[in-house]
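Listed below, chain by chain, are the residues.
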Amino acid sequence: MRFEIMRLDDIDGSAVDSTVVDAASVNRIVQQAAFTGQRIYIRPAHTAAR
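Below: a short report on this structure. Just so it is clear, the model here is predicted, and its values are computed rather than measured.

### Quick notes on the overall build of the protein
Summing up its helical and strand segments, the protein has 1 helix and 3 strands in all. For the protein, the α and β elements follow one another from N to C terminus as β-β-α-β. By its C-alpha atoms, the protein is 40 × 20 × 10 Å across when sized along the principal axes. Burial status across the protein gives 22% buried among its 50 residues. Across the protein, every contact between residues at least 6 apart in sequence was considered, and the portion connecting residues at least 24 apart equals 46%. Accessible area of the protein: about 4,000 Å², with a carbon and sulfur share of 52%.

Rendered as structure tokens:
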């Protein structure tokens, strides 16, 4: 499964940038965001039907 992770602006909470990662990378990114104090939003990535 893939997830979209958006980095949020500290002032208004708007999305600054986003990336799509696999499930194995989510934990590392969450830990890194917690360590640096970044605000992030995670949701399942939209995938095209196969």
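### Some remarks on the pattern of salt bridges
Inspection of every chain in the model, using the stated rule, returns 2 salt bridges. Where Glu4 meets Arg43, a salt bridge forms, and the shortest distance between an N and an O atom there is 2.8 Å. In this pair, Glu4 is assigned in strand 1 (residues 2-8) and Arg43 in strand 3 (residues 39-44), connecting sequence segments 39 residues apart. Residue Arg43 is classed as partly exposed on the basis of its relative accessible area, which comes to 31%.

### What about the side chain of Glu4?
Residue classification places Glu4 among the buried positions, given a relative accessible area of 15%. A polar contact of 3.4 Å, which involves the side chain of Glu4, links it to the side chain of Ser18.

Cut-offs applied
Here, residues in each chain are numbered from 1, in the same order as that chain's written sequence. pLDDT decides what is reported in this predicted model: residues at 70 or higher carry local features, side-chain atom pairs at 80 or more are listed and counted, and totals for whole chains, interfaces and linings draw on all residues regardless. Processing note: side-chain calculations cover all non-hydrogen atoms of the structure and skip hydrogens and water entirely. Numbering of helices and strands runs from the N terminus, with a helix taken as a DSSP run of H or I at least four residues long and a strand as a DSSP run of E at least two residues long. In this scheme, a residue with accessible area under 20% of its type's maximum is buried, one over 50% is exposed, and one in between is partly exposed, where area comes from a 1.4 Å probe on protein chains only. The contact rule is simple, with two residues in contact once any of their heavy atoms fall within 4.5 Å. Every accessible area reported is derived by Shrake-Rupley at a probe size of 1.4 Å, with residue values counting cover from the shown protein chains alone. Between Lys or Arg on one side and Asp or Glu on the other, a salt bridge is scored when a side-chain nitrogen of the former is within 4 Å of a carboxyl oxygen of the latter. Polar contact is the term for a pair of N or O atoms within 3.5 Å; when the atoms are in protein, one must be able to donate a hydrogen and the other to accept it, and sequence-neighboring residues count only if both atoms are side-chain atoms.

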